[in-house]
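Here are the chains, one letter per residue:
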Amino acid sequence: VAFANNIKSCLAAGLLRDQVAIVTGGGTGIGKAITPELLHLGCNVVIASRKFDRLKSAAEELKASLPPTSQAQVTPIQCNIRKEEEVNNLVKSTLDVYGKINILVNNGGGQFLSPAEHISSKGWHAVIETNLMGTFYMCKVVYNSWMKKHGGSIVNITASFDQGIPNAAHSGAARAGVHNFTRTLALEWSSSGIRINCVAPGDGETGSAGTGKTAGKLQLLLQKRAATARVGKCCRVTLTEPQTGSTPMHTVGFMLQSCALRCVYSGMQSCENWGVSAFTYARVCFCFQISSLVCFLLSPAASYITGQVVKVDGGHSLYIQSYTIPDHDNWPEGIGDLSAVKRLKESFKVKL
Ligand code: ADE
């Protein structure tokens, strides 16, 4: 889904003419939406990610979509942002090709879903290295090799996880780290003429419920729930591993109700690799709703904005509760004994 009426951007065409941007993770998802908007604004864009083949075809697709009059170039460069040396090479190659870097969009990132107690040290490191270290490496080398002397603007794509994010503790920690890192850089680097901000999408596609029979049953339940939800539903379905005993249905129910803008799409999508033939697919936020903010923040229109984290979540974060804790009486024994509360709860239940 893109802007209506084939509009490429709400900003004026040519606003970023002859500028040069690096967009990490530029070949897919949000990155693939940010890049055409930057190109439309006249900016040359280097898209970078790990898989060169995918990147190359994304670049070809992007080039083909540009009007023949456009001067903007798009260049794919392979780079794993977890590796500082590859990041340094990416920035060097960009300077070799274009001679400058005005804009950096740290969009490359990712995570997998798991309850915190099952995240291995390797898995934790992988998520921190991609989302936090990758952003650090990129910012550092772009600053040292260009922006320190010439200024520029940076946007870090993170996620709106302020309330905690059950089943993605590693990602939540990394994103919070990027938010604070961004505020610090906004202060340390402002005297170089650099602005840096974060864009934090609230909800995108669903997570996964894993594979296997139990997951399959859960998926079917979720599908049913989403299918019967009222029209106007808002649904970010956070699926959790069923075998942990968590209660995804609560999450689903809450998500259905907690988007102020009630802007939702929900449906099914087949997935051949899984134990079920379909899974619940629901999204609130479309990529163009992210890219328009990113381009605004990168543009001179945002010249007095730095060190900010801007959420794009349809108002979802205004709802306080994000995760339903199952009822329990697991309080510590000894000093501060709460058995009286247990008795009160019991008597309350009886009255109900
Ligand atoms: N997007 C997701 N992970 C990435 C990585 N390690 N390097 C570059 N882009 C990415």
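This one's a predicted model, so the numbers in the text were calculated from it and none came from an experiment. Residue numbers restart at each chain and count upward from 1, following the sequence in its written direction. Only residues with pLDDT of at least 70 are given local features in this predicted model, and only at 80 or more are side-chain atom pairs given and counted; all residues enter the totals for whole chains, interfaces and linings. Each side-chain value is worked out from all heavy atoms of the structure, with water and hydrogens disregarded.

### Looking at the nonpolar core
Point 1. In terms of nonpolar packing, the biggest core is built from 31 residues, with Leu38, Ile47, Val105, Val199 and Val294 touching the most fellow members.
Point 2. Only runs of H or I of at least four residues qualify as helices and only runs of E of at least two qualify as strands under DSSP, and these elements are numbered from the N terminus. At the level of elements, strand 1 (20-24), helix 1 (29-40), strand 2 (44-49), helix 2 (52-65), strand 4 (103-106), strand 5 (152-157) and helix 8 (287-298) are the ones that each hand at least two residues to this core.
Point 3. Ranked by residue count, the leading element in this core is helix 8, at six residues.
Point 4. By definition in these notes, contact holds between two residues if any of their heavy atoms fall within 4.5 Å. The residues contacting Val105, other than those within four sequence positions of it, are Ile22, Val23, Thr24, Ile34, Val155, Ile157, Val294 and Leu298. For this analysis, a nonpolar core means a set of buried residues of the types Ala, Val, Leu, Ile, Met, Phe, Trp, Tyr and Cys, connected via side-chain atoms within 4.5 Å. Burial status follows relative accessibility: with a 1.4 Å probe on protein chains alone, a residue under 20% of its type maximum counts as buried, one over 50% as exposed, and anything between as partly exposed.

### Some thoughts on the packing of helix 1 against helix 8
Point 1. Under this scheme, a helix contributes an axis fitted over its contacting stretch, all axes are lines through C-alpha atoms, and angles between N-to-C directions fall in the 0 to 180 degree range. Running from amino to carboxyl end, helix 1 crosses helix 8 at an angle of 50 degrees, the nearest separation of the two axes being 9 Å. For the element pair helix 1 / helix 8, the angle class is oblique. Both helix 1 and helix 8 take part in a crossing whose hand is right-handed. Where helix 1 abuts helix 8, its residues Gly29, Ile30, Ala33, Ile34, Glu37 and Leu38 lie against Cys287, Ile290, Ser291, Ser292, Val294, Cys295 and Leu298.
Point 2. Just so you know the grouping, Ala, Val, Leu, Ile, Met, Phe, Trp, Tyr, Cys and Pro go in nonpolar, Asp, Glu, Lys and Arg go in charged, and all remaining residues, Gly too, go in polar. When grouped by side-chain class, the residues that make up the contact of helix 1 with helix 8 number nine nonpolar, three polar and one charged. Small angles under 35 degrees read as roughly parallel and large ones over 145 as roughly antiparallel, with 65 to 115 read as roughly perpendicular and the rest as oblique. Helix crossings get a hand from a simple test, with the near helix turned counterclockwise from the far one by less than a right angle marking a left-handed crossing and a clockwise turn marking a right-handed one.

### Examining the pattern of salt bridges
When their charged atoms lie close together, side chains carrying opposite charge are able to pair.
Point 1. In the sections that follow, a salt bridge refers to a side-chain nitrogen of Lys or Arg positioned within 4 Å of a carboxyl oxygen of Asp or Glu. Applying the stated criterion to the full structure yields eight salt bridges.
Point 2. As a salt-bridge pair, Glu84 and Lys140 come within 3.6 Å of each other at their nearest N and O atoms. Taken together, the positions of Glu84 in helix 3 (residues 84-98) and Lys140 in helix 4 (residues 121-150) put the pair 56 residues apart, joining distant regions of the chain.
Point 3. When the shortest N-O distance is used, the salt bridge between Lys92 and Asp96 registers 3.3 Å. Note that Lys92 and Asp96 are positioned in helix 3 at a spacing of four residues, about one turn of the helix.
Point 4. Assessed through its relative accessible area of 57%, Asp96 is described here as exposed.

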